[in-house]
Amino acid sequence: METELRTSPTTRACECGATVWLTGLPSSGKTTIAHAVAERLRADGRRVEVLDGDEFRLTLSSGLGFGRADRYTNVQRIGLVAEVLARNGVLVLVPAIAPYADSRQAVRERHDTSRTPYLEVHVATPSSTCAERDVKGLYARQAAGELTGLTGVDDPYEAPTDPDLRIPAHRQTVAESASDLLNLLAERRLT
């Protein structure tokens, strides 16, 4: 007896997973772009998860601080969850600062080991624009002396030297930024 694969019109029968890591300064637009892309892909029936770096800080990484070692550990935790989901057919969007190149490289290597596609996207918004947006009030708190260790201000941010995509989110709309990323996914046959 032959088994028939049944799918709903909003679910695909088979798909390749991948992790798309959106790195950039606080308030650069990473999360906004990730959610815009996820919404469009879900509308097309794609299985998508957004692993927000801030949500990890409140849950799986709640005991970690913001020193280099703890930031590295946080990125590795997010990377592990992303890789497991991606190798099981989910397109995973990760809007997380991941300020150090070595931590992002370790996540890439984890994906390479399992032959799971990994893309690095730099949301390249300048710190001056991020400070104007100041979505969480971090820049204002840092300027008032209430916060230290703000990535890109008084803590390092190692921008990717050769990302798969660099998005100038300060010069284009969210829809344009999302389209740039969707075009990259289409080019790499990941949609």
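None of the values given here were measured: they were computed from a predicted structure. (Residues numbered from 1 in each chain as written. Predicted model: local features only at pLDDT ≥ 70, side-chain atom pairs only at ≥ 80, totals over all residues. Heavy atoms only, no water.)

Help me understand the packing of helix H1 (residues 30-43) against helix H7 (residues 174-187) in this model?
Each packed pair of helices is defined by two parameters, the angle between the axes and the distance between the axes. At their nearest, the axes of H1 and H7 sit 9 Å apart, and the two run at 60° to each other. Judged by the inter-axis angle, H1 sits oblique to H7. Classified by chirality, the crossing of H7 by H1 is right-handed. Across the interface between the two elements, Thr32, Ile33, Ala36, Val37, Arg40 and Leu41 of H1 pack against Val174, Ala175, Ser177, Ala178, Ser179, Leu181, Leu182 and Leu185 of H7. Class assignment of the residues belonging to the contact of H1 with H7 gives a composition of 10 nonpolar, three polar and one charged. (Axes fitted to C-alpha atoms, helices over the stretch in contact; angles between N-to-C directions. Helix = DSSP H or I, 4+ residues; strand = E, 2+ residues; numbered from the N terminus. Parallel < 35°, antiparallel > 145°, perpendicular 65-115°, else oblique. Left-handed = near helix turned anticlockwise from the far one by under 90°. Contact = heavy atoms within 4.5 Å. Nonpolar A, V, L, I, M, F, W, Y, C, P; charged D, E, K, R; others polar.)

In this structure, what is going on with the pairing of strand E1 (residues 18-23)? I would like to understand it.
Side chains on a regular strand alternate between the two faces of the sheet. Across the six residues of E1, six count as buried, placing the element largely inside the fold. Burial along E1 is two-sided: the residues Ala18, Val20 and Leu22 and Thr19, Trp21 and Thr23 are all buried. Pairing of E1 with strand E3 (residues 91-95), which is carried by five bridges, proceeds in the parallel orientation. Residue pairing in the sheet places alanine 18 in a bridge with leucine 91 of E3. (Buried < 20%, exposed > 50% of the residue type's maximum accessible area, 1.4 Å probe, protein only. Pairing = 2+ DSSP bridges.)

Can you walk me through the nonpolar core in this structure?
Nonpolar side chains tend to gather and get buried jointly when the protein is soluble and globular. One finds Val20, Leu22, Val37, Leu93, Val121, Leu181 and Leu185 to be the most contacted residues of the largest nonpolar core, which totals 25 residues. Those elements giving two or more residues to this core turn out to be E1, H1, strand E2 (48-50), E3, strand E4 (118-123), strand E5 (165-167) and H7. For this core, the element with the most residues is H1, which contributes six residues. Excluding residues that lie within four positions of it along the chain, leucine 22 makes contacts with Lys30, Ile33, Ala34, Leu93, Val94, Pro95, Ala96, Val121, Val123 and Leu181. Of all hydrophobic cores here, the second largest spans 14 residues; its members include Phe56, Ala82, Val92 and Ala98. (Core = buried A, V, L, I, M, F, W, Y, C linked by side-chain atoms within 4.5 Å.)

Where do I start with the layout of surface pockets in this structure?
Over the atoms rolls a probe the size of a water molecule, and in doing so it shows where empty space is left. Counted as a void, the largest pocket has a volume near 660 Å³. Taken together, 30 residues form the lining of the largest pocket, with Pro26, Asp54, Ile97, Lys136 and Leu138 sitting closest to its centre. Of all the secondary structure elements, the ones that give two or more residues to the lining of the largest pocket are H1, helix H2 (53-58) and helix H3 (68-87). A per-element tally of the lining of the largest pocket places H3 first, with four residues. A class-by-class count of the residues in the lining of the largest pocket yields 13 nonpolar, 10 polar and seven charged. (1 Å grid on protein atoms, 1.4 Å probe; cavity = no way out; pocket = protein on both sides within 12 Å on 5 of 7 lines; lining within 4 Å. Points joined across faces, edges and corners; volume = space filled by probe spheres on them.)

Functional significance is not addressed by these values, which are geometric in nature.
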